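Observations on the three-dimensional arrangement
Residues per chain, in single letters:
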Amino acid sequence: MELSLSGNALKTFARSVTCLSRVGNELAIQASPSQLALHTLHSSRSAYQSITFKASFFDAYTVSGTEVKFSVLLKAICSVLRTPIAGVDHLSVHLPDPDASKVQWTLECFNGMKKSYWITCNVEPDIQHLSLDRIRYPSSLVVRPHDLNRLLANFQSSLHEITIIATERASMASDSENEIGGKAVELRSYIDPTKDNDSSLHTQLWIDPAEEFVQYTHSGDPVDVTFGVKELKAFLSFCEGCEVDIHLYFEKAGEPILMAPKFGLDDGSSSNFDATLVLATMLISQLHEGNPPEPPQTTAHDQAADGTGSQGQQERCEVNVSEHPSDHTRIWSELSGSAARSGSGAEARQDPGERDLNANEQREIQRISTMHISKDTSARETVAVNPSLYPNCYCLFQYVTLSVM
């Protein structure tokens, strides 16, 4: 296998490696005559990412045989790309033969310097593929990276998990008396109830999809998904650098959330690369589990978020972004353990007995399920994950089958 790339393609490739390094430790490379696929899986199996490049993406691309597979450490590849990309003329990767123990990475810089690296590789990797169909997800949203960055800036930088709550758009538009009317999406910081959170900042952000999103689809009862912020921000940086929007697909708590770039008006078939990020979500729905007190206003959106509102019409809502950002996007933050908000009628600090109950329920319900890995069509192997190793208890592979090539 041999390939080379330069210019904007090299910048995109470098962004891809950086994004993959924030998800997993090992990079599995699968090369065929038509495309190059990069895969990585988090050690706790809570996140999986795949990025594919068509042969036309590269300046030169040659694969001997039907397929070449090997894996390398992402830390080693990041060391190669530590050289400023702006000063690199082109990058070439060469694997002498399918059974070679090392792969050569060569950087030729504009100043005449040539850097060659021989990286040890595994020629028998377990390359895993997630069998997820984007069409099956009933809820989705498309947002511009710049807008999502602006929304996430309202949350603490130390936040580990975030919750998205999706409801049907209220038929009544927002006005001066109904400040959050029509804001069908809520972003909420997730704080682990089993830990001491007296100094944690709880933030809720109500969003009008028509103002902040390029596209929004949801029908039926409210749903929520809680997932990791680190991987979200990594994929956000990747899409922002590639100047594409982010498409989020989700279903409900406990089901994986899928992210992919949105290439303008088309389905991405005309693009020479594609990416998929799949994250595990918390098993427990946050719609009824120890939420901070809601704002005093009683609106159709609040009733939907509490699960007590009427269901509304069962139809999808497709909206287009407006020219100006929303002037009514509402933010509310509360320092855990402080006094209750005026007029909310709810205490900010939970009763100790109730807190212990919630902690026990959290430990009991939040657990990692087993994962089924298929190594061939005739044999299956079940690998159990130790729940004590991963206190956040994601369940990425509860409903997903991984096939190992």
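Residues numbered from 1 in each chain as written. Predicted model: local features only at pLDDT ≥ 70, side-chain atom pairs only at ≥ 80, totals over all residues. Heavy atoms only, no water.

So, the overall build of the protein chain
In terms of helices and strands, the protein chain carries 7 helices and 23 strands. The buried share of the protein chain, reckoned over its 405 residues, is 49%. A separation of at least 24 residues holds for 73% of the contacts in the protein chain among residues at least 6 apart in sequence. Total accessible area on the protein chain stands at roughly 19200 Å², and carbon and sulfur atoms take up 47% of it. (Helix = DSSP H or I, 4+ residues; strand = E, 2+ residues; numbered from the N terminus. Buried < 20%, exposed > 50% of the residue type's maximum accessible area, 1.4 Å probe, protein only. Contact = heavy atoms within 4.5 Å. Areas by Shrake-Rupley, 256 points an atom, 1.4 Å probe, with all protein chains shown as cover.)

A look at the sheet that holds strand β6 (residues 68–73)
Here 9 strands make up an open sheet; going across it, the order is β6-β2-β3-β4-β19-β18-β17-β11-β15 and the pairing antiparallel. Two strands lie at the open edges of the sheet, namely β6 and β15 (215–217), each paired on one side alone. Within this sheet the neighbouring strands show an average axis-to-axis angle of 15°, counted without direction. As judged from the 6 bridges shared by strand β2 (residues 26–31) and β6, these two strands associate in the antiparallel manner. Paired with A28 across the strands is S71, a residue of β6. Packed on one face of the sheet, helix α1 (residues 7–21) meets β2, β3 (35–41), β4 (47–54) and β19 (273–279) and runs near 165° to β4. (Pairing = 2+ DSSP bridges. Axes fitted to C-alpha atoms, helices over the stretch in contact; angles between N-to-C directions.)

Overview of the packing of aromatic side chains
On inspection of all chains with the given rule, the structure shows 13 aromatic pairs. For the ring pair F53 and F58, a centre distance of 6.1 Å and an interplane angle of 65° mean the geometry is edge-to-face. Pair check on accessibility: F53 and F58 agree, each one buried. Between F57 and F58, the ring centres sit 5.3 Å apart and the planes meet at 85°, which makes this aromatic pair edge-to-face. For F57, a relative accessible area of 7% translates into the label buried. Judged by relative accessible area, F58 falls into the buried class, the value being 7%. Each member of the aromatic cluster is reached from another via a ring pair, and the members are F13, F53, F57, F58, Y61, W105, F235, F238, F263 and F273. Over the aromatic face of Y137 sits the side chain of R136, whose NZ or CZ is 4.6 Å from the ring centroid. (Phe/Tyr/Trp six-rings, centres within 6.5 Å; stacked < 30°, edge-to-face > 60°. Lys NZ or Arg CZ within 6 Å of the ring centre and 35° of its normal.)

So, the pattern of salt bridges
Scanning all chains against the criterion turns up 6 salt bridges. Two residues, D274 and R134, come together in a salt bridge whose shortest N-O distance is 3.4 Å. You can see D274 sitting in strand β19 and its partner R134 sitting in the loop between β10 (128–130) and β11 (139–143), a full 140 residues away along the chain. With a closest N to O distance of 3.0 Å, R188 and E186 form a salt bridge. Since its relative accessible area comes to 0%, E186 is described here as buried. Where salt bridges share partners, they join R136, E251 and E255 into one cluster. (Salt bridge = Lys/Arg side-chain N within 4 Å of Asp/Glu carboxyl O.)

Focus: helix α5 (residues 229–242)
Over its 14 residues, α5 runs 20 Å from end to end, which matches the ideal 20 Å to within 8%, given 1.5 Å per residue. Of the positions making up α5, those classed as buried are V229, E231, L232, A234, F235, L236, F238, C239 and C242. (Expected span 1.5 Å × (residues − 1).)

Overview of unusual backbone geometry
The phi angle of most residues is negative, glycine excepted, and most peptide bonds adopt the trans form. Its identity as a non-glycine residue notwithstanding, R45 has a phi of 60°, on the positive side. By secondary structure assignment, the location of R45 is in the loop between β3 and β4. The partly exposed category is assigned to R45, whose relative accessible area is 21%. Backbone geometry at E243 places phi at a positive 60°, although glycine is not the residue there. For E243, a relative accessible area of 75% corresponds to the exposed category.

Thoughts on the side chain of T106
One can find T106 in strand β8 (residues 102–109). Each residue touching T106, except ones within four places of it in the same chain, is listed here: H90, L91, S92, K114, K115 and S116.

Concerning the pairing of β11
The buried count for β11 comes to 5 of 5 residues, which makes it a mostly enclosed element. Sheet analysis places β11 next to strand β17 (residues 245–250), joined by 5 bridges and oriented antiparallel. Across the sheet, the residue bridging to S140 is Y249, located in β17. Two strands pair when backbone bridges link them, and β11 and β15 are joined in this way by 3 bridges, in the antiparallel orientation. What sits directly across from S140, in β15, is T217.

Considerations on the pairing of β17
Of all 6 residues making up β17, 6 are buried, and the element is well covered by its neighbours. The two faces of β17 match: D245, H247 and Y249 on one face and I246, L248 and F250 on the other face are all buried. For β17 and strand β18 (residues 257–262), the ladder comprises 5 bridges, and the chain directions are antiparallel. The partner of Y249 across the bridge, within β18, is L258.

Some remarks on the confidence of the model for the protein chain
Residue-level pLDDT values for the protein chain average 76, and 65% of them are 70 or greater. The low-confidence segment residues 336–395 (pLDDT under 50) makes 103 contacts with residues lying over four places distant or belonging to another chain. (pLDDT = per-residue confidence, 0-100.)

Considering helix α3 (residues 145–152)
Looking only at α3, the buried set comprises P145, D147, L148, L151 and L152. Down the axis of α3, the buried side of the element spans an arc of 160°, and every buried residue falls inside it. (Arc of directions from axis to C-beta.)

Here's the deal with the sheet that holds strand β5 (residues 60–62)
Across the sheet, 5 strands lie side by side as β5-β1-β7-β8-β9; this open sheet has antiparallel pairing. Single-partner strands in this sheet number two, and they are β5 and β9 (114–120). Pairs of neighbouring strands in the sheet enclose a mean axial angle of 15°, with direction left out of account. Relative to β8, strand β7 (residues 88–94) is paired through 6 bridges, and the arrangement is antiparallel. Across the sheet, residue H94 finds its bridge partner in β8, namely Q104.

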